[in-house]
Amino acid sequence: MTVFIGNRILPSAFIDQYPPNSTERRVIEILSSSNHTYRYESVNHLKVELDLRANIVKASRELFYSGIGFRTFRNSVCNPSYWIRNEDGGFTSRDDVPPSEAIEDIYKNGRRYGTECATAIIILYFKAVLNVFPHDVFNQLFSKIHLMNWQQLDSNLAIAYFRNPTDYLPGDCRYVKNPDVNPLTPEWQGENAIDLGNGLYYGHGIGIKTVNEIIAALNRNRRPGATESAYLMDSVNRLGFSRLASLYQRLVRT
Amino acid sequence: MLPYHTPRPFPYSSSNISHYPYMYPPAHFYRPLAISPFDSNHYHNTTTPPFYPFRDTTDPSEHYLSIGQLKTAYSTHRLSTQQNNNLQKNAFHTLVESDIQEAMNQINDEQISFSSLFQLRDVIRENNLFEGLNQRNKTALLLTDDILSHGTEKHTIDLSFCDYIQSAHTILKWILETGSAHDGLSSDHDAVLDIAAAFLVKLFHEKSVLPIMADMIFERNRKGRFNHDLVWAFFEAKEPQSLILIANRLKSENQKDVEFAHQLLNFIPGIGTGNMVSADQQYSYVIHWLQDNGPFLHYTGESLQQLHKPSPYVIILEAKYLCKPLYANKAEVAAPLSSKDFQLLDAYSKLDLHHKILLSNYSLSLYRQNPTWWQSWLQYPIAEQIKIAKARTGGRL
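Keep in mind that what you see is a predicted model, and the values were worked out from it rather than measured. (Residues numbered from 1 in each chain as written. Chains lettered and ligands numbered in written order. Predicted model: local features only at pLDDT ≥ 70, side-chain atom pairs only at ≥ 80, totals over all residues. Heavy atoms only, no water.)

## Digging into the pairing of strand β10 (residues 173-177) of chain A
All names here are of chain A. Within β10, five of the five residues are buried, which leaves the element mostly enclosed by the surrounding structure. Taking every second residue as pointing to the same face, both faces of β10 are buried, with C173, Y175 and K177 on one and R174 and V176 on the other. By the bridge criterion, five bridges tie β10 to strand β11 (residues 190-195) in an arrangement that is antiparallel. Counted as the bridge partner of Y175 is N192 from β11. Here β10 pairs with strand β14 (residues 231-232) via two bridges, running antiparallel. In the strand pairing of β14, K177 is matched with Y231. (Buried < 20%, exposed > 50% of the residue type's maximum accessible area, 1.4 Å probe, protein only. Helix = DSSP H or I, 4+ residues; strand = E, 2+ residues; numbered from the N terminus. Pairing = 2+ DSSP bridges.)

## Details of the packing of helix α1 (residues 23-32) of chain A against helix α2 (residues 43-65) of chain A
All names here are of chain A. Between α1 and α2, whose axes approach to 9 Å, the crossing angle comes to 125 degrees. Comparing the axis directions of α1 and α2 gives the class oblique. The chirality of how α1 crosses α2 is right-handed. Contact with α1, carried on its side by T23, E24, V27, I28 and L31, involves L46, L50, R53, A54 and V57 of α2 and no other residues of that element. (Axes fitted to C-alpha atoms, helices over the stretch in contact; angles between N-to-C directions. Parallel < 35°, antiparallel > 145°, perpendicular 65-115°, else oblique. Left-handed = near helix turned anticlockwise from the far one by under 90°. Contact = heavy atoms within 4.5 Å.)

## Brief notes about the interface of chain B and chain A
Taken together, the contact between chain B and chain A spans 35 residues of the former and 32 residues of the latter. At the boundary of chain B with chain A, total buried surface from both sides reaches about 2800 Å², with 54% on carbon and sulfur atoms. Per-residue buried area on chain B facing chain A is highest for F226, Q305 and Q306 of chain B; these three make up 29% of the total on that side. With a closest N to O distance of 2.7 Å, R74 of chain A and D194 of chain B form a salt bridge. (Buried area = accessible area lost by both parts, 1.4 Å probe. Salt bridge = Lys/Arg side-chain N within 4 Å of Asp/Glu carboxyl O.)

## Regarding the pairing of β11 of chain A
All names here are of chain A. For β11, the tally of buried residues reaches six of six residues, placing the bulk of the element in the interior. Burial along β11 is two-sided: G190, N192 and I194 facing one way and E191, A193 and D195 facing the other are all buried. Pairing of β11 with strand β12 (residues 201-203), which is carried by two bridges, proceeds in the antiparallel orientation. Counted as the bridge partner of I194 is Y202 from β12. Here β11 folds back onto β12, and the loop between the two strands holds five residues, one of which, G197, carries a positive phi near 90 degrees.

## Let's talk about helix α9 (residues 210-223) of chain B
All names here are of chain B. The terminal C-alpha atoms of α9, which comprises 14 residues, lie 20 Å apart, in line with the 20 Å expected from a rise of 1.5 Å per residue. Summarising burial for α9: 10 of the 14 residues are buried, a large majority. Of the residues one or two after α9, G224 is the one with positive phi, at around 75 degrees. (Expected span 1.5 Å × (residues − 1).)

## Things to note about the sheet that holds strand β6 (residues 91-93) of chain A
Residue and element names in this part refer to chain A. Read from one edge of the open sheet, three strands run β5-β6-β8, paired in antiparallel fashion. Edge positions in the sheet fall to β5 (83-85) and β8 (146-147), since each of these pairs with one other strand and no more. For β6 and β8, the ladder comprises two bridges, and the chain directions are antiparallel. Paired with F91 across the bridge in β8 is L147.

## Comments concerning the pattern of salt bridges
Residue and element names in this part refer to chain A. Applying the stated rule across the entire model yields 31 salt bridges over all chains. Across the pair E104 and K127 runs a salt bridge, and its minimum N-O distance is 3.8 Å. Here the residue E104 occupies a position in helix α3 (residues 99-108), and K127 occupies one in helix α4 (residues 117-132), the gap between them amounting to 23 residues. This pair shows no difference in class: E104 is buried, exactly as K127 is.

## Concerning the packing of aromatic side chains
Two aromatic rings are characterised by how far apart their centres lie and by the angle between their planes. Residues and elements named next belong to chain A. According to the stated counting rule, one finds 20 aromatic pairs over all chains in the structure shown. Each ring, one from F133 and one from Y248, has its centre 5.3 Å from the other, and the planes form 90 degrees; the classification is edge-to-face. Of the two residues, F133 is situated in the loop between α4 and α5 (135-141) and Y248 in helix α7 (residues 241-251); the sequence distance between them amounts to 115 residues. Positioned over the ring face of Y168 is R174, at 3.6 Å from the centre of the ring. (Phe/Tyr/Trp six-rings, centres within 6.5 Å; stacked < 30°, edge-to-face > 60°. Lys NZ or Arg CZ within 6 Å of the ring centre and 35° of its normal.)

## What to know about the domain arrangement of chain A
Residue and element names in this part refer to chain A. Domain parsing of chain A yields domain 1 (1-40), domain 2 (44-50 + 57-159 + 244-251) and domain 3 (162-236). Computed over C-alpha atoms, the centres of domain 1 and domain 3 are 28 Å apart. Counting residues at the interface gives eight residues for domain 1 and six residues for domain 3. With both chains or domains summed, domain 1 and domain 3 bury close to 560 Å², and 65% of this area falls on carbon and sulfur atoms. The interface formed by domain 1 and domain 3 holds zero salt bridges in total. (Domains from an automatic or database assignment.)

Take a look at the structure:
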């Protein structure tokens, strides 16, 4: 099927500006060969989405290597110089530090942080946006950041959940469900994992693995006598690329 | 648009109709049927009484029981009114030093709460009092250690396997029921309650603790404490009727209760903070929706770990169309399927979602009105079924 920019078909040469094996190129290939017709308001909207997706993949790898630990919400930790740990185990950025620096600190001092997998996804989403937007614009858009899995999400991230999407793209957040999880360890009920575009996924607490390896890790944390395997669900969480592209147009490309 | 949802006519304000283009404020929740369901050109505003094919000549007392008073599982103040014998740590430590026998009598008292026992763990350990505890207390402490160590500690239980399974169930209930009154005591204490709830629900399929769990979930939400594991355990009961315990909070005076109830029930079409209808109307809507769709709800397992507003249940439209309730939390019906059923499903499968929802809703409505008419309607080709259903409902879902 076709990718439309407004009423015009995306030129086939558009893909040439991206290196072979790049995340952006992989995304365009999937969009162009899909059964679904994709429409973008402008070529800049598409470029912002491609940029964000590439940075989600980059931020995923960087978070993995940052040293951030896996901890349940009851035992979560953060650097108090930048974040306040709330009673529910989530984090809120301090008022006296720019939110951009608070996000950067997680990557610089990962070992001072520990949280669950969904919160890690939100962290890398913020980092991806921070890599694309100028810091002053980022701080304007996200004046206070809450990190508590999929709760208290900033409306400017515009994260949305899609069941049975037509295509899966690099930068999508997938979910591997573990229905027979041991009740003793509810944190292993599933794993949020970023599609890195090369058959690998990043899941905080498990690492950069294939789907089968993530499933195997979850299966090792089932109740004794479990019979039902973990499995990859047909759903995605996605950053609000269209919204962010519009914000970028309005606030950065003026 | 959610898969497998059957939006019920809902008392929307006109300002919200744009979000649900297929739904309009109805005069009635269901349009009353015409005398003949086959006469698609006529519409009569009459209702017919429920249809019973058999005369009941038995003694009514064989089938009905009037219990006089009715209790409710819903309580906003359950947690604060529990009366338990609470031992204070310092007082117990003093008692151990002065009168060990009395100390053991008190700690082994039937009325002691789990929270008291939990607070005295260190004193028990320091003074080697474990062997003097009764079986309940011993098992509860071993369970606690197991939970807090994530199962890395191993213990020897002085019971047969069968006795241990049964006592574990009882003791887990005691932990949750007496411990809930002191929810918030400490993170470790609350973690034990969460896991006890998860074990009771997932392994023992214990549903009597769901009201307590609902109370704790909303209490913690008000106070900003962690409740996601408890919410997960609550839905893992796979008990659609338990949604009433959440729906009760739609009428709460506490705005945080109302908002959280909206979030947890958002998968029910029409429930959301955007609607301008009253709390009582929203509550009634949920109750009616459950009455209609409860037998056809399938648990999806979606949770707060996975997305912002999970949809823990979906309606299996095929089951609703055939009016065959689902069985044992599976996407399969309990009743056998005939060759006619398979024919119907084959034709049904070719429809778009809108028509599937239309037929499923109409089928259930007609089945409850008059099963004989319903059987006759099902004999029609599916195109005719749709025509009749549209005539009866105006094509509205």
